[in-house]
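Per-entry structural report
Read off the chains here:
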Amino acid sequence: MANLEKLVDDLSALTVLEASELSKLLEEKWGVSAAAPVAAAAGPSAAAPVEAVEEQTEFTVVLTAGGDKKINVIKEVRSVRSDLGLKEAKDLVEGAPQNVVENVSKQQAEEVAKKLTDAGASVTIK
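Residues numbered from 1 in each chain as written. Predicted model: local features only at pLDDT ≥ 70, side-chain atom pairs only at ≥ 80, totals over all residues. Heavy atoms only, no water.

**Here we look at helix 3 (residues 70–80)**
- For helix 3, every residue scored as buried is listed here: Val73, Ile74 and Val77. Take helix 3 and look down its axis: the buried residues cluster within an arc of 100°, on one side only. Of the residues in helix 3, the exposed ones pointing more than 90 degrees away from the buried face are Ile71 and Lys75.
- Where helix 3 is buried, its residues touch strand 1 (59–65), helix 4 (86–94) and helix 5 (106–118). (Buried < 20%, exposed > 50% of the residue type's maximum accessible area, 1.4 Å probe, protein only. Helix = DSSP H or I, 4+ residues; strand = E, 2+ residues; numbered from the N terminus. Arc of directions from axis to C-beta. Contact = heavy atoms within 4.5 Å.)

**Considering unusual backbone geometry**
- Even without being glycine, Asn103 reaches a positive phi, approximately 55°.
- Classification of Asn103 by relative accessible area gives exposed; the value is 53%.

**Re the sheet that holds strand 1**
- What the 3 strands build is an open sheet, ordered 2-1-3; its pairing is antiparallel. Since the sheet does not close on itself, it has two edges, and those belong to strand 2 (98–104) and strand 3 (122–125), each with one partner. Each neighbouring strand pair of the sheet contributes to a mean axis angle of 20°, computed without reference to strand direction.
- Direction of pairing for strand 1 relative to strand 3: antiparallel, over a ladder of 4 bridges. (Pairing = 2+ DSSP bridges. Axes fitted to C-alpha atoms, helices over the stretch in contact; angles between N-to-C directions.)

**Section: the nonpolar core**
- If you look at the biggest cluster of nonpolar residues, it comprises 20 residues, and the most contacted ones within it are Val61, Leu63, Val73, Val77, Leu92, Val100 and Leu116.
- Listed by contribution, the elements that provide at least two residues to this core are strand 1, helix 3, helix 4, strand 2 and helix 5.
- Top contributing element to this core by residue count: helix 5, with 4 residues.
- Not counting chain neighbours up to four residues away, the residues in contact with Val100 comprise Val61, Leu63, Val80, Arg81, Leu92, Val112 and Leu116. (Core = buried A, V, L, I, M, F, W, Y, C linked by side-chain atoms within 4.5 Å.)

**A look at the pattern of salt bridges**
- For the coordinates displayed, the defined rule picks out 6 salt bridges.
- Asp10 is the salt-bridge partner of Lys6, the closest N and O atoms lying 3.0 Å from each other. Here Lys6 pairs with Asp10, and both are found in helix 1 (residues 2–12), just 4 residues apart, close to one helical turn.
- Glu94 is the salt-bridge partner of Lys90, the closest N and O atoms lying 3.2 Å from each other. Here the residue Lys90 and the residue Glu94 both occupy positions in helix 4, the gap between them amounting to 4 residues, near one helical turn.
- Accessibility expressed as a relative area gives 36% for Lys90, which makes it partly exposed.
- Accessibility expressed as a relative area gives 45% for Glu94, which makes it partly exposed. (Salt bridge = Lys/Arg side-chain N within 4 Å of Asp/Glu carboxyl O.)

Purely geometric numbers; function is a separate question.
Written out as structure tokens, the structure reads:
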């Protein structure tokens, strides 16, 4: 039981970015998705594929490279992510590709991408 309590303590100490990365790694390792299985409870009629494509409403800004002006990029990352300290922002920039913000509106994702690009970084919006 002590091992489980230690595991809970370790997981509780993760930052949001680290928890997101852990989730992705576990999904890849185990071949599963963290999304809730909604269709499984609907019965046999749910087996038919859904043809309607929903418009994407949540976006993720991914820092693909810090660029030549890393100090400026680190400053912008800190302005966008107020939960990060200087060391965490530096680690994020140097560990590219990394998610800077996740599950934001298209407008907010474009604003963050513009700030980072203007600072000298390379970014993509997913």
